[in-house]
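Each chain is listed here by its residues.
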Amino acid sequence: MRDDAPNSWESRADNASLYGFTDLPSVKERGAVVLTHGEGPYVVDVHGRRYLDANSGLWNMVAGFDHPGLAEAAKAQYDRFPGYHAFFGRMSDQTVLLSEKLVEVSPFERGRVFYTNSGSEANDTMVKMLWFLGLAEGQPQRRKILTRWNAYHGVTAVSASMTGKPYNSVFGLPLPGFLHLGCPHYWRFGQEGESEEQFTQRLANELEATIIKEGADTIAGFFAEPVMGAGGVIPPSKGYFQAVSRVLKKYGIPLIADEVICGFGRTGNTWGSQTYDFTPDAIISSKNITAGYFPMGAVILGPDLSDRLQAAAEAIEEFPHGFTASGHPVGCAIALKAIDVVMNEGLAENVRRLAPRMEAGLAEIARHPNIGELRGIGYMWALEAVKDRATKTPFPGTLSVSERIANTCTDHGLICRPLGQSIVLCPPFILTEGQMDEMFEKLDAALKKVFAEVA
Ligand SMILES: *Cc1c(COP(=O)(O)O)cnc(C)c1O
């Protein structure tokens, strides 16, 4: 199926690329998919093949691949003021406007924003802020960071240390002081005879026991995605955030919501923390903040952290941190437009309206005996493949079942993502009923074909 001619796009991609997060046997056999452009939720490759991208690129292209308003906002800003930094007390007007907008749409009555180029850098920045605060407030020992197994917080040395995935061991990570707690996935980790409420309580107890063991005054913060994304779309167990919030409050430990995926509409509300009814101390945003039209991340600080960080910075007359492109005017102009498009052009509304239809369609597909669980919310869902539904036994890893399903989908013109033994579906917010049906049909056909081969 791949074109092996030395001048083919596939060969040229191989020759010049060190592929990241790519199943190399698949790419060796099939060749890279080299894309030229997109139309709505579809992308088109160099051979003219069209794919419905049910992953929104990497969760972020929520307005599709040819939104005219976003491209115009970028062009207009490139014409007006194509680049600037946010150091030395200078920044673009667009940066000021976006910060006001982010605080306005945040759950905070007031706050401050700091910009990065990515979600990883935003998490790194938040950790540095917490370390800075510990030192400034006379608690230099307050440096440990709590996250969960299966969490995804990025790939820089600090955010990879926060990520709770075994693959980071190839880098000798996590760094010391990054502690991982239980993953709130009841279906997978609930014990025999344990109710969901008891499971949640067990995780809250584990958190409290860890805080006591490590020493509450050594812990700088707890980071959590409202719904774990790259961990396999794992919504929290019932009451999870209420239970952990109670413990964190008791010990004065900040709760940071990593809303890089959930933020701006993915779960049906502006924030995932809204959907799960908890108030974090700060929010990490990226991905859909620009609808994927520009690399950008942001730390949005709630009132308490904002005041304390401002005071700590004033005490030494500077917060010595920032990226050359922090608060880039084009990124900010695009983000302002993207937030408007998602919130006011019916995109978030579309997610709210069609999420039940998505769930119903996937639930129909999930009746297949080799699907163990359907889980998700809004426009983020996962189907987990199992060899045996009753015992939740996974297929042997050597069968690469989820990779085979995703590759079969690709052959049928549907892009979805294998994650562990799950298939992830997180389409652009513009997805229509008809496109959703196309997704269901192609996915169902691929699942049946692969399960017939391996079961
Ligand atoms: C993607 C992601 C990140 C990392 O963002 P990058 O822009 O890839 O660095 C961090 N947190 C979550 C929850 C993410 O999904």
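Every value quoted in this text rests on a predicted model; they were computed, and no experiment measured them. (Residues numbered from 1 in each chain as written. Predicted model: local features only at pLDDT ≥ 70, side-chain atom pairs only at ≥ 80, totals over all residues. Heavy atoms only, no water.)

**Student:** Explain the layout of surface pockets to me, please; I cannot follow it from the model alone.
**Tutor:** Empty space among the atoms becomes visible once a probe the size of a water molecule is rolled across them. A volume near 830 Å³ is recorded for the second largest pocket. Lining the second largest pocket are 28 residues, with Ala86, Val113, Phe114, Phe319 and His321 positioned closest to its centre. The set of elements that each furnish at least two residues to the lining of the second largest pocket consists of α5 (93-105), β4 (112-116) and α12 (303-316). Element by element, the count of residues in the lining of the second largest pocket is highest for α12, at 5 residues. (1 Å grid on protein atoms, 1.4 Å probe; cavity = no way out; pocket = protein on both sides within 12 Å on 5 of 7 lines; lining within 4 Å. Points joined across faces, edges and corners; volume = space filled by probe spheres on them. Helix = DSSP H or I, 4+ residues; strand = E, 2+ residues; numbered from the N terminus.)

**Student:** I keep staring at the domain arrangement of the protein chain and nothing clicks. Help me out?
**Tutor:** Interfaces are often described in size by the accessible area the parts lose on coming together. When its domains are assigned, the protein chain resolves into domain 1 (33-66 + 346-454) and domain 2 (70-344). Measuring from the centre of the C-alpha atoms in domain 1 to the corresponding centre in domain 2 gives 27 Å. The partner domain 2 presents 30 residues to the 34 residues of domain 1 that form the contact. Across the domain 1/domain 2 interface, buried area totals approximately 2,600 Å², and carbon plus sulfur atoms make up 63% of it. Three residues stand out in domain 1 for area buried against domain 2, namely Trp59, Met380 and Lys392, and they jointly supply 24% of the buried area on that side. Put simply, domain 1 and domain 2 have 1 salt bridge between them. Among the ionic pairs, Glu384 bridges to Arg188, the shortest N-O distance being 3.3 Å. Linking domain 1 to domain 2 there are 17 residue pairs in polar contact (both at pLDDT 80 or more). Elements with a minimum of two residues in the side of domain 1 that touches domain 2: α3 (56-59), α14 (347-365), β11 (371-377), β12 (380-385) and β14 (417-419). In terms of residue count, β11 provides more of the side of domain 1 that touches domain 2 than any other element does, 5 residues in total. Counted by class, the side of domain 1 that touches domain 2 contains 20 nonpolar, 7 polar and 7 charged residues. (Domains from an automatic or database assignment. Contact = heavy atoms within 4.5 Å. Buried area = accessible area lost by both parts, 1.4 Å probe. Salt bridge = Lys/Arg side-chain N within 4 Å of Asp/Glu carboxyl O. Polar contact = N/O pair within 3.5 Å; in protein donor to acceptor, adjacent residues only side chain to side chain. Nonpolar A, V, L, I, M, F, W, Y, C, P; charged D, E, K, R; others polar.)

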